[in-house]
Amino acid sequence: MEYLKRLEPLWLALIIIGALNWLMVGLFDTNVVAEIFGTGTASDVVYVIVGIAGLAMVPRLLEDLHLGAGRTRATGA
């Protein structure tokens, strides 16, 4: 688990890159990933890596929102 924690800055950077790409698509109808890598396999690999980065950060998001498995319930007495 410590290994995944060490990769969090990398995952976050990839998520930001993906978000900036979607910003460019939404505002200017320009896909930067497709412009750099073309529309073939290379751009598909970039999209998969960014998607994996997003999924890798889900446990951190749930932990920050206090929705993880370590949540305890208060009991009324």
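What comes next is a walk through the structure. Numbers given to residues run from 1 along each chain, matching the order in which its sequence is written. Only residues with pLDDT of 70 or above have their local features reported here, since the model is predicted, and side-chain atom pairs are shown and tallied only from 80 upward, although totals for entire chains, interfaces and linings are computed over all residues. To get the side-chain values, take all heavy atoms of the structure and skip hydrogens and water.

## A few points about the packing of helix α2 (residues 8–28) against helix α4 (residues 41–56)
And step 1. Following both chains from N to C, one finds α2 and α4 inclined at 120°, their axes separated by 8 Å at the closest point. As far as their axial angle goes, α4 and α2 are oblique. Every pair of crossing elements has a handedness; the one defined by α2 and α4 is left-handed. Contact with α2, carried on its side by Trp11, Leu14, Ile15, Gly18 and Asn21, involves Tyr47, Ile49, Val50, Ala53, Gly54 and Ala56 of α4 and no other residues of that element.
And step 2. Split into classes, the residues belonging to the contact of α2 with α4 amount to 8 nonpolar, 3 polar and no charged. Note on method: axes are straight lines fitted to C-alpha atoms, helices fitted across the in-contact stretch only, with angles between N-to-C directions ranging 0 to 180 degrees. Numbered from the N terminus, helices here are DSSP runs of H or I no shorter than four residues, and strands are runs of E no shorter than two. What sets the label is the angle itself: under 35 degrees gives roughly parallel, over 145 gives roughly antiparallel, 65 to 115 gives roughly perpendicular, and the rest give oblique. Two helices that cross are described as forming a left-handed crossing if the nearer one is turned anticlockwise from the farther one by less than a right angle, and a right-handed crossing if clockwise. Contact between two residues is taken to exist if any of their heavy atoms lie within 4.5 Å; hydrogens are not considered. Polar here means any residue other than Ala, Val, Leu, Ile, Met, Phe, Trp, Tyr, Cys and Pro, which are nonpolar, and Asp, Glu, Lys and Arg, which are charged; Gly is therefore polar.

## Here's the deal with the pattern of salt bridges
And step 1. Salt bridges are identified by distance alone: a Lys or Arg side-chain nitrogen within 4 Å of an Asp or Glu carboxyl oxygen. In this structure the tally under the stated criterion is 3 salt bridges.
And step 2. Measuring nitrogen to oxygen at the nearest pair gives 3.5 Å for the salt bridge that ties Lys5 to Glu63. With Lys5 in helix α1 (residues 2–6) and Glu63 in helix α5 (residues 58–64), this residue pair connects regions lying 58 residues apart in the sequence.
And step 3. Taking relative accessible area as the criterion, Glu63 reaches 43% and is therefore assigned partly exposed.
And step 4. Between Asp64 and Arg60 there is a salt bridge, with the nearest N and O atoms lying 3.2 Å from each other. Taken together, the residues span about one helical turn, with Asp64 and Arg60 both in helix α5 at a distance of 4 residues.
And step 5. Burial classes follow relative accessibility: with a 1.4 Å probe on protein chains only, a residue under 20% of its type's maximum area counts as buried, one over 50% as exposed, and anything between as partly exposed. Accessibility expressed as a relative area gives 46% for Asp64, which makes it partly exposed.
And step 6. Bridged by salt links that share partners, the residues Glu8, Arg60 and Asp64 form one connected network.

These values are about where atoms sit, not about what they do.
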